[in-house]
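Structural features, examined
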Amino acid sequence: MLLAGNDIEDASIESEVLLRHVLGIDRARLLASLDADISPEQRQLFMKLIARRSKGEPTAYITGHREFYGLDFRVNRHVLIPRPETELLVDKAISLCRENGYLKIADIGTGCGAIAVSMAVNLPSVTIYATDIYTEAVETARQNGVNHSTEDRMTFLRGDLLEPLPEPVDMIIANLPYVRQRDIPDKGPLSYEPAEALNGGEKGLDKIGGLCSGAGNKLKANGTLILEIGQGQGEAVKGILHKYFPSAEIKIEKDLAGIERMATIRLTQQ
Ligand SMILES: C[S@@+](CC[C@H](N)C(=O)[O-])C[C@H]1O[C@@H](n2cnc3c(N)ncnc32)[C@H](O)[C@@H]1O
């Protein structure tokens, strides 16, 4: 009720997630113990968390967890909360790796490591570079790699775009900041997320452009580049990719909501 009264969509689900977090139990146990009492301390903590959520703080930052690609990820205020639409990129990337026998991947701007760790879990033969410009993000990704036992096949690097990559890879995948600077809100749930994870500059394309300009040197001859893009950016991203890869086939694909969400290019052997 408290959340519903504060315009929170899915208020009952979110309240349940916060209650389970306080009690430290999963859904099945919660449903099996609906009549059980909670202690005054638990009740007080629950009300505190509800108050934080009512003010707009995302549930994932309150609990420190978010599910992505069927896996549990640790998240914190230094990283973007992974979004369901990014799962589309991971699906596509995993299929392409299987089809082409790709073994070396780089996830640029890894944040909590959602893309990199999901790929490592589902592709047991690949090795993955996971990079971010922020130390805190790299450390969060490393922690998630450890939690999912993939860290021995992952290399976590801090640095600007492709600069830390020590060698060319089969696939570069990136969900870089692509929000136009003037569209970044100073209120609401998005304002809790790191501006550096959202801000793509004046047209939203600064980081994507920077990555594309260097990708030719960091992709192997048969390699693939996959980018998440924002609503209405398809044509502009096509233009950028065409500039750096004039002979490559460029694909722009939509997500389930019909929004242009993914740009892919495959290099062909000369
Ligand atoms: C939109 S978030 C995506 C995070 C994660 N890949 C995901 O899909 O949930 C973009 C990430 O790019 C990182 N980033 C921003 N500028 C960067 C740069 N110049 N080089 C590398 N990473 C950068 C941010 O710190 C942030 O973690």
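Analysis parameters
- Every chain's residues receive numbers from 1 upward, in the order its sequence appears when written.
- Note on the predicted model: pLDDT of at least 70 is required for a residue's local features to be given, and 80 or more for side-chain atom pairs to be given and counted; whole-chain, interface and lining totals, by contrast, use all residues.
- To get the side-chain values, take all heavy atoms of the structure and skip hydrogens and water.
- Put simply, DSSP marks the helices as runs of H or I at least four residues long and the strands as runs of E at least two long, and each gets a number from the N terminus on.
- As a reference, a globule follows 2.2 Å times the number of residues to the power 0.38, and the radius of gyration itself is taken over C-alpha atoms.
- Type-normalised accessible area, obtained with a 1.4 Å probe on protein chains alone, sets the label of each residue: buried when under 20%, exposed when over 50%, and partly exposed for intermediate values.
- Throughout, a residue-residue contact means that at least one pair of heavy atoms, one from each residue, lies within 4.5 Å.
- Counted as positive: Lys and Arg. Counted as negative: Asp and Glu. His and the chain ends are not counted at all.
- Each charge is placed at NZ for Lys, CZ for Arg, CG for Asp and CD for Glu.
- In this document the domain limits rely on a domain assignment from an automatic tool or a database.
- Axis geometry follows a simple rule: fit a line to the C-alpha atoms, using only the stretch in contact for helices, then measure angles between N-to-C directions, giving values from 0 to 180 degrees.
- Any angle between 65 and 115 degrees counts as roughly perpendicular, while under 35 counts as roughly parallel, over 145 as roughly antiparallel, and the rest as oblique.
- Left-handed describes a crossing whose near helix is turned anticlockwise from the far helix through less than a right angle; right-handed describes the clockwise counterpart.
- Side-chain classes are defined by residue name, with Ala, Val, Leu, Ile, Met, Phe, Trp, Tyr, Cys and Pro counting as nonpolar, Asp, Glu, Lys and Arg as charged, and the others, Gly among them, as polar.
- The term polar contact refers here to a pair of N or O atoms within 3.5 Å; inside protein, the definition further demands a hydrogen-donor-capable atom paired with an acceptor-capable atom, and it admits residues adjacent in sequence only when both atoms are side-chain atoms.
- Salt bridge, as used here: a side-chain nitrogen of Lys or Arg that lies within 4 Å of a carboxyl oxygen of Asp or Glu.
- Only when DSSP finds a minimum of two bridges between them are two strands counted as paired.
- Only a single heavy atom is needed: when it lies within 4 Å of a molecule or strand, its residue is near that molecule or strand.
- Computed by Shrake-Rupley with a 1.4 Å probe, the accessible areas treat only the displayed protein chains as cover when residues are assessed.

1. Quick notes on the overall build of the protein
A count of helical and extended segments in the protein gives 9 helices and 9 strands. Taken against the 2.2 N^0.38 rule, which gives 18 Å for 270 residues, the C-alpha radius of gyration of the protein at 20 Å falls within 12% of a compact globule. Overall, the C-alpha framework of the protein stretches about 70 × 40 × 30 Å when taken along its three principal axes. Here the protein holds 270 residues, and the buried ones make up 47% of them. Counting contacts in the protein only where the partners sit at least 6 residues apart, residues at least 24 apart contribute 65% of the total. Of the side-chain charges in the protein, 31 are positive and 38 negative, and the distance between the mean point of each set is 2 Å.

2. Some points on the domain arrangement of the protein
When the domains of the protein are assigned, the result is domain 1 (4-55) and domain 2 (78-266). Distance between the C-alpha centres of domain 1 and domain 2: 34 Å.

3. Digging into the packing of helix H5 (residues 86-100) against helix H6 (residues 114-122)
Helix packing for two helices is described by the angle between their axes and how far apart those axes are. One way to put it is that H5 packs onto H6 with a least axis distance of 10 Å and a crossing angle of 40°. By the angle between their directions, the pair H5 and H6 is classed as oblique. Crossing of H5 against H6: the hand is right-handed. On the side of H5, the interface is formed by Thr86, Leu89, Val90, Ala93, Ile94, Cys97 and Arg98, while H6 contributes Ile115, Ser118, Met119 and Asn122. When its residues are assigned to classes, the contact of H5 with H6 shows 7 nonpolar, 3 polar and 1 charged.

4. Notes on the environment of Arg158
Among the secondary structure elements, Arg158 is positioned in strand E5 (residues 154-158). Taking C-alpha positions, Arg158 is 8.7 Å from Ala137, a pair spaced 21 residues apart along the chain. Among all residues touching Arg158, those that are not within four sequence positions of it are Asp132, Ile133, Tyr134, Thr135, Val138 and Pro164. Here Ile133 takes part through its backbone oxygen, which lies 2.7 Å from a polar atom of the side chain of Arg158.

5. Things to note about the pattern of salt bridges
For the structure shown, the criterion picks out 12 salt bridges. Taking the shortest distance from any N to any O, the salt bridge between Glu193 and Arg83 comes out at 2.6 Å. Taken together, the residues Glu193 in the loop between strand E6 (169-174) and helix H8 (206-218) and Arg83 in the loop between strand E2 (71-74) and H5 connect sequence positions 110 residues apart. Arg83 gets classed as partly exposed once you look at its relative accessible area, which sits at 21%. Across the pair Asp183 and Arg180 runs a salt bridge whose closest N-O atoms are separated by 2.9 Å. Classification of Arg180 as partly exposed rests on a relative accessible area of 33%. Among the charged side chains, a salt-bridge network with shared partners connects Glu16, Arg20 and Arg27.

6. Focus on the pairing of strand E9 (residues 260-266)
Along E9, 5 of the 7 residues are buried, which leaves the element largely enclosed by surrounding structure. Relative to E9, strand E7 (residues 219-228) runs antiparallel, the two being bridged by 5 bridges. Counterpart to Leu227 in the pairing with E9 is Ala263. In this structure, the hairpin formed by strand E8 (residues 249-254) and E9 is closed by a connection of 5 residues, where Gly258 is found at a positive phi of approximately 80°.

7. A word on unusual backbone geometry
Residues other than glycine seldom take positive phi values, yet Ser149 does so here, at roughly 55°. Of the residues examined, Ser149 reaches a relative accessible area of 56% and is grouped as exposed. At Leu161, a position not held by glycine, the phi torsion is positive, near 45°. By secondary structure assignment, the location of Leu161 is in the loop between E5 and E6.

8. What about the site of the ligand?
Near the ligand, the surroundings consist of 18 residues, among which Gly109, Asp132, Asp160, Leu161 and Asn175 are the closest. Between a nitrogen atom of the ligand and a main-chain N or O atom of Gly109, the distance comes to 2.8 Å. Taking Thr110, its main chain carries an N or O atom lying 3.5 Å from a nitrogen atom of the ligand. Protein burial of the ligand: of its 600 Å² of free accessible surface, 97% is covered by the chains. Considered class by class, the residues forming the shell around the ligand number 8 nonpolar, 6 polar and 4 charged.

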